[in-house]
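Report on the structure
Each chain, letter by letter, is given below.
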Amino acid sequence: MPDLRSRAVEIRRIAVSLIHGAGSGHPGSCLSAADLLAALYFGELRLGDQDRDPADRDRFVLSKGHACPALYAALHLRGFFDRAALGSFRRLGGLLQGSPTTTIPGVDATCGSLGQGFSIALGLALGLRGSGSRVFAMLGDGELQEGQVWEAAMAAGHYRLGNLCAIVDYNKMQSDDLNERTMRLEPLDAKWRAFNWHVRVIDGHDFDEIGAAFAGARATTDRPTVIIANTIKGKGVSYMEGVPSWHGSVRLKAEEIRQALADLGVPPDHQPGYAFHG
Amino acid sequence: MVDEAQGGNAGFVPSLIGTSGETLREAFGRALTGLADRYPTLVVLDADVAGGTGTHHFRRAYPERFVQLGIAEQNMVGVAAGMALAGRLPVASTFAVFALRTIEQVRQSIAYPRLNVKLAASHPGLDAGPDGASAQALEDLAAFRAIPGMAVVSPADAIEMEKALPVILDYNGPVYLRTGRSPARRIFDESYVFELGRGRIVRDGADVTIVACGVEVARALDAADLLARDGIFARVVNMSTIKPIDEALLVACARETGALVTAEDHNVVGGLGGAVAEALARTTPAPIEFVGVRDVFGESGEPDDLAEKYGLAGPAIADAARRAIARKTGGTR
């Protein structure tokens, strides 16, 4: 637990560097999700190691697939692929596609079209029911505007899938604008309760609260759990925090990546170490 | 879950429409149930139409392997993907017109990761009948054929359905399987062997080839009878695999008969006709006439009446064959 914070910072550094190196990607969404991903990949998830794939390993579905640079960072740090693979992000013939695919070691579901990954997670949870495996899915807040999400939410509540845990990265922003101005989501906790879910609302950047919410999900076996994690878009990079325009696929200019890495505690002489694309 | 066979206290039981003969959906449901023991990972997914698609047979026999997702087809397709990732062999079933609303889910969640999921759709084409145009899917073959790596199969009769199903389950990849609502005439006998990707000559002839799928195979045989009265001998091919199409057989037919007609209960745009034309245009161009719904929507009516009105019946196929023959360069007729 003590090094979750440093793992999350490292996920952020790698994610923004991948986006800079590739010339495109969604930084704001990676940065809001980084602490939750660190808590999953360095805490809550029981992963199969690469040589042995225990049938009862947990699964993670990044339904908000555009945050994959942060997922790839976490998987790299957990040893699923090496540093050289990071340089393939968004490159022709590369391993690391612009959205997560099951061809990538450690990726449990192919995602990228919002709303669909959550149904896949539901199918995994139904298929693995009784096996000891648990299934986690991370959704974006804007993603909740997809009707398919509520089809899946209704079914998970109906089947009382205690082995399913959804995490909403609630950074309040989507591609074009604030959720509030695009399509209002509130009252969000009440919606999930009405769909027969166990609901936890937390600060998605507070590791104690994240840990307690995961413990609550683990202890709730008669219903699925949703963790509504209040987060800050662009968390950790001064000029991105709370600015919707850093949601979309953007190019990070040289000065911007320099500042981002500096904000994330990488001094200028160490920054070349994050030039994965060579 | 209430079984539709369990009626109310007066003993009245609602009868299913169109199940009196050998429908492809009934054959599908019965064959699926019969294969459950052979395929222990098989699970069947439904979106509240089990009584219509034939999967109620499976539900009755294997309730623990039947997953009801309610009227939510997009989620059903995603759940099928997840269950495949969990090591199951999912067969998801709905009506063809509702399968169309899952086209992006099939593309993204099933075909792109090349998951071993089968999507079985009943009530395709004008064969859906009295429910009218909103229930008559005329675009499914074209839509699912356009997805990379997706196989598309449309059997002609109950025997072929029964023979095709285990082959489809053995095939490791996504398949769109078109069943049918209305009683389908018998084409094959029990000796029939289905091969994925292979067409089958069901009647030989040298003057023209009619390439058909689904309910149109029986109507193509009607057309061949009509043509024979005029001394025209039509070859009839059952092209139940629309993708991957049997190009070798098509090339042979083009060479040997010099002209072709395609016949499908589907829009003439992008379905079997499109697949045949694509296969022949590169290497063996020949006159092709296309029988299908002519880029319009259908209407309520009984399937055979609709087939007559919309030009899918035997006489229309025979007319198309005459047109194709007349277009042969240096044609003999």
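For the structure, see preceding data.
Computed from a predicted model, the values in this text were never measured in an experiment.

All right, on to the pairing of strand E1 (residues 42–46) of chain B then. When a strand is regular, its side chains alternate between the sheet's two faces. All names here are of chain B. Extensive coverage of E1 is indicated by the burial of five of its five residues. Residues Leu42, Val44 and Asp46 line one face of E1 and the alternating positions Val43 and Leu45 line the opposite face, and both faces are buried. As defined by bridge partners, E1 adjoins strand E3 (residues 89–95) across five bridges and the pair is classed as parallel. Note on E3: the bridge partner recorded for Leu42 is Leu89. Pairing of E1 with strand E2 (residues 66–68), which is carried by three bridges, proceeds in the parallel orientation. Bridging from a neighbouring strand, Val44 pairs with Phe66 of E2.

Residue and element names in this part refer to chain B. In spatial order, the strands read E2-E1-E3-E4-E6-E5-E10; together these seven strands make up an open sheet with mixed pairing. Two strands in the sheet have a free side with no partner beyond their single neighbour: E2 and strand E10 (241–243). Recorded for the sheet is a direction-independent mean angle of 20° between the axes of neighbouring strands. Taken together, the four bridges between strand E4 (residues 118–122) and strand E6 (residues 175–178) define a ladder with parallel strand orientation. For Leu119, the partnering residue across the bridge sits in E6 and is Tyr176.

What follows is about the packing of helix H2 (residues 27–44) of chain A against helix H3 (residues 68–77) of chain A. All names here are of chain A. Their axes nearest at 9 Å, the elements H2 and H3 cross at an angle of 30°. By the criterion of interaxial angle, the relationship of H2 to H3 is roughly parallel. Here the hand of the crossing between H2 and H3 comes out right-handed. Along its contact with H2, which presents Cys30, Ala33, Ala34, Leu37, Ala38 and Tyr41, the element H3 presents Pro69, Ala70, Leu71 and Ala74. Each residue belonging to the contact of H2 with H3 can be placed in one class, and the counts come to 10 nonpolar, no polar and no charged.

Moving on: H3 of chain A. Where burial is concerned, most of H3 of chain A is hidden: nine out of the 10 residues are buried. Summarising the contacts, the buried residues of H3 of chain A are in contact with helix H1 (4–22), H2, strand E1 (59–62) and helix H4 (83–86) of chain A.

On to the nonpolar core, then. Judged by nonpolar contacts, the single largest core of 201 residues is most densely connected at Leu37 and Ala70 of chain A together with Ala80, Ile210, Leu260 and Ala321 of chain B. For this core, the domains that each give at least three residues are domain 1 (24–178) and domain 2 (200–326) of chain B. Once residues lying within four places of it in the same chain are set aside, the contact partners of Leu260 of chain B are Val208, Thr209, Val211, Cys253, Ala254, Val276, Ala286, Ile288 and Ala324 of chain B.

A word on the sheet that holds strand E8 (residues 208–212) of chain B. All names here are of chain B. Sheet architecture is open: five strands sit in the order E7-E9-E8-E11-E12, paired in mixed fashion. A single partner strand is all that each edge strand has here, and the edge strands are strand E7 (200–203) and strand E12 (288–293). For this sheet, the mean angle separating the axes of adjacent strands, direction not counted, is 25°. Here E8 pairs with strand E11 (residues 260–267) via four bridges, running parallel. Considered in E11, the bridge of Val211 is made with Thr262. Sitting on the sheet, helix H10 (residues 247–257) touches E8, strand E9 (234–238) and E11, and the angle it makes with E9 is about 175°.

Thresholds, definitions, all that
Residues numbered from 1 in each chain as written. Chains lettered and ligands numbered in written order. Predicted model: local features only at pLDDT ≥ 70, side-chain atom pairs only at ≥ 80, totals over all residues. Buried ≥ 20, exposed ≤ 12 C-beta atoms within 10 Å, placed from the backbone. Helix = DSSP H or I, 4+ residues; strand = E, 2+ residues; numbered from the N terminus. Pairing = 2+ DSSP bridges. Axes fitted to C-alpha atoms, helices over the stretch in contact; angles between N-to-C directions. Parallel < 35°, antiparallel > 145°, perpendicular 65-115°, else oblique. Left-handed = near helix turned anticlockwise from the far one by under 90°. Contact = placed C-beta atoms within 7 Å. Nonpolar A, V, L, I, M, F, W, Y, C, P; charged D, E, K, R; others polar. Core = buried A, V, L, I, M, F, W, Y, C linked by C-beta atoms within 7 Å. Domains from an automatic or database assignment.

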